[in-house]
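# Coordinates in review
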Amino acid sequence: MATEQGHTGESGGLIARAGTWTENLSEQAYAYLLLTPGFLILLLMAFWPLGSAFRMSFFADQVVGTGRLGGFAGLENYVRLLTDTNALAPATFLDPSFQVPLLEQALFMTLLFAILSVVGETILGFLYAMLMKAEYRGRRAVRVLIIIPWAIPIVIQGMIFFLMFRPGYGLLTDPLQSIGLFSSLPLNTTFDGFVIVTVADVWKTSAFMALLILAGLESVNQDLYNVADVMGASRWQRFRYITFPLVFPVLMVAMLFRTMGALRVYGIIESTGVGCTTVPSMTCLVTQFMFGSSALYGSAAAASVLIAVVVGLFISVYLVFIKMSNQDLDLA
Amino acid sequence: MSIDAQTHEDAETFDDRDDEESKSPIKQWADDWIRNPEKAYAVMLVFMGGVLLTTTLFPLYWLFAVAMAEPGQSNIPLIPNQIDLSAFIVIFQQVPFARFMFNSLFYATSVTVIVLLVASLAGYAFGRLDFRGKMPLLFSLLVLSFFPPATLFIPLFRAFNQQVPMLGVFTLPVELYRTPGAVIAPISAFAMPLAIFILTTFYSQIPDGLEDAARIEGTTRFGALFRVIVPLSAPGVATAGILTFITTYVEFFFSFLMTGDRASDWAPIVNGVLAFQTRYTTRYDLQAAASLVAIIPVAILVVVAQEKIISGLTQGALKE
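What you see is a predicted model; the values in this text were computed from it and never measured. (Residues numbered from 1 in each chain as written. Chains lettered and ligands numbered in written order. Predicted model: local features only at pLDDT ≥ 70, side-chain atom pairs only at ≥ 80, totals over all residues.)

## Some details on the interface of chain B and chain A
Put simply, the rule is: Two residues qualify as a contact pair if the distance between their C-beta atoms, derived from the backbone, is within 7 Å. Think of it this way: any DSSP run of H or I at least four residues long counts as a helix, any run of E at least two long counts as a strand, and we number them from the N terminus. Side-chain classes are defined by residue name, with Ala, Val, Leu, Ile, Met, Phe, Trp, Tyr, Cys and Pro counting as nonpolar, Asp, Glu, Lys and Arg as charged, and the others, Gly among them, as polar.
On the side of chain A, 83 residues touch chain B, which itself brings 83 residues to the contact. No other element matches the 17 residues that helix α15 (residues 284-317) of chain B contributes to the side of chain B that touches chain A. Looking at side-chain class alone, the side of chain B that touches chain A contains 68 nonpolar, 12 polar and three charged residues.

Structural data, given as C-alpha cells:
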C-alpha cells in the first residue's frame, strides 16, 4: 500500500521526534491531530465552497465587467429561477405556468431522468447481482464483464452512445427512425436525447448497483436458506421471505446513492453530444450560467443551491421510507 | 444426457427411456425440467446471463467496429469488413494521447494516495478513538457527501481561476490553474468522505488486543496505525483505494471544467478523446480507438481486483 511505504520509507529523525511527541497527547488531542489533515482539505475544498456558493446565491448577477458579483439581491435569483423570469437564463429551471414542455424544464427533466434511470438500474442491477452470486464455472469472467462498464470513463461512455446514434453513422439511428421511435436527428431532439442519455446511464451504472446489491446478498446468513429448504420453501418463497427482506435495506441505500448521482447528471449529457441545450439538466444550468455568453454567477450559485435542496428532499423521502418499511418488515 | 450414457449399457436402467425416444425434443426437455427444476433454473440463468452480457458488451464491441472502419466511412457495418489496427497507432501520432492518458492516471494515482493517507488517519480516529464531537463530525461528512459537485464548483473555479480569496482570507497563486493541483485537490475532497466511511468501518473491527500488544512492545502510536491496523485492514484499504482510483479516472465534472484543453496543460482523457472531435471532425474511428485504449488501465484493474472490490464492499462498506 502506498500509505505504508510513505511512512516506513522515511523513518528519519523528524518523524521519530514527532512520534514521541504524539505519545504524550491525550486520546482526545490525538484524535483531533489525526483528523486535522482530512478536515483541512475538506474545509478548503468542500465546506468553504459550500458556504461561499450559498452566500453568492443571494447576490445579483453582474452582466458587464469580469463576471464579478453585483449587490445584495436577497432571494431574487431564486424567485427568477423558480418562476422562469430570468431573461438571460440559457434554459428554464421551472416554469410554473407549464408553457415550456416538461423535458425542457431542468427540474422536471432531471427528476424524470433520476426516476427512470434508478428504476432501470435497480432492476438490471438485481439481475446482475443474482448472476454474480450464483455458483458456476466462469463466474469470475462474468463478474469482470459485468463490472467493466462501471469503470469506463464517462466521456467514453458518452462517445459510445454518440457513435451509435449519430445520423448516417450509427447503427441504431435508421432502424429506430423507421419504426417511428426516433427522429432523424436523435442527438438534437429533446425526447430522443433524453432517452439516449437515460439508456447510457443505465448501461454504465447498473454495474455499480449490482455491486452494492451483491454485497447485500452475500451478507445474508446462508443458514436461513438451509432452514427454508428443510421447510420445503419454493424458490419464490425463498426470495420473497428471506432474500428480499434482508437485502431491502441495502437496496434502499444503493438506490439512495444512485438517486443522488442521477440528480447531478451532467457529464453524460455533454459527452454523448446531446448537449445541455437539448437536454438541460439542473447541473447543466449551473455550467451554462457560468460559461454562457454572460457569466451569471449569482444565478449559477442559486441554481446549484437548488440542486442541493432537491437532493436533500429526496434523501429525506428515502430516510422516511426506510424507517416506515423497517417497521412494516418487523410486523411481517 | 451425454452420448456416452446413451451407448452405455447403464443407460437402459432409466425406466422411461423408451418413452423419451418417441417424444419430441421439446417435450423431453419439459419432462426433464419438471423432474429436476434445478436444471431449468440453470438454463434460465444461462439465458438471462447471455442476454445481460450481450447488452453489457455490445456497446464496447461497437467501439471496436467503429475503430476498424475506414476514415470518413459512414454507416458502419456490424461486422467490420477489415481488421485494420492502424487507428490504434494514429491516435498517438495525431494527438499526444499518451500524455492525456498519463495525466489521467497521474490524477487517479495522486488522489488515491492522498485520500488513503489522509482518510486512514481520520478513519483511525473515528473508528478507534473516543473524543468529543465525534458524532457531529461524522455527520458533517455524511451531509457533505450529499452535495452535488456543481455546488462546490463555482467558488472553487473562482478561487483557482480568478484569484478570489479562499475563506475570504488568502488568494491562491495564479499559476495554480492548469496544474494538477487544481484537479487533484477538489476531487480528493470529493472522494474523501466515502473513503473515510469505509476505513472507519474496517479499522473499528480490528480487536483492541492486537493494537495493545504492539503498543506494549514499544511501537509508537503512528507505528501501531501503519504497522498493525492498516495491514490487518488490507481488504478495506484496497477497496477504498480501488473505489477512489476508479472514481477519479472516470470523473468528468472537475476533469472537464477545471483544466485547459491541451495535454501540456495537464488535461486528462476527457479532453484527449474530445480533441479528435473538434480538430479532426470526421475521424470517429480514431475517437473509438482512443476510447478503447483509455479503457485498458481500468479494465486491467477490474480484472485483477474484482475479488477485492466485491469482498471489501461485502465485509465492510455497507454494514454501517
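## Remarks on the domain arrangement of chain A
Accessible area lost upon the coming together of the parts is a frequently used measure of interface size. Inclusion rule: A domain assignment, automatic or from a database, supplies the domain bounds used here.
Taken as a whole, chain A is organised into domain 1 (2-44) and domain 2 (76-331). Between the C-alpha centres of domain 1 of chain A and domain 2 of chain A there is a distance of 40 Å.

## Regarding the packing of helix α5 (residues 106-133) of chain A against helix α4 (residues 37-68) of chain B
What counts, and what does not: Only the stretch in contact is used when fitting a helix axis, every axis being a line fitted to C-alpha atoms; angles between N-to-C directions are given from 0 to 180 degrees. Convention used here: angles under 35 degrees read as roughly parallel, angles over 145 as roughly antiparallel, angles from 65 to 115 as roughly perpendicular, and any remaining angle as oblique. The sense of a crossing depends on the near helix, which, turned anticlockwise from the far helix by less than a right angle, makes the crossing left-handed and, turned clockwise, makes it right-handed.
The geometry of α5(A) relative to α4(B) is characterised by a closest axis approach of 11 Å and an angle of 125° between their N-to-C directions. When the interaxial angle is binned, α5(A) and α4(B) end up oblique. Considering the relative orientation of α5(A) and α4(B), their crossing is left-handed. For the pair α5(A) and α4(B), the contacting residues are L127(A), Y128(A) and L131(A) in the first and L45(B), M48(B), G49(B) and L52(B) in the second.

## Let's talk about the environment of A254(A)
All names here are of chain A. The line we're drawing: Counting other C-beta atoms within 10 Å of its own, a residue is labelled buried from 20 upward, exposed at 12 or fewer, and partly exposed in the gap between, with every C-beta atom placed from the backbone.
Summarising the element assignment, A254 is placed in helix α11 (residues 235-263). Note on A254: 26 C-beta atoms within 10 Å, which makes it buried. Beyond its immediate sequence surroundings of up to four residues, A254 is in contact with M209, L212 and I213.

## Regarding the packing of α5(A) against α11(A)
Residues and elements named next belong to chain A. Viewed as axis vectors pointing N to C, α5 and α11 meet at an angle of 145°, and their least axial separation amounts to 9 Å. When the axes of α5 and α11 are compared, the crossing they make is right-handed. Packed against α5, whose contacting residues are T110, F113, A114, S117, V118, E121 and T122, the element α11 presents M255, R258, T259, A262 and L263 at the interface. For the contact of α5 with α11, a count of residues per class yields six nonpolar, four polar and two charged.

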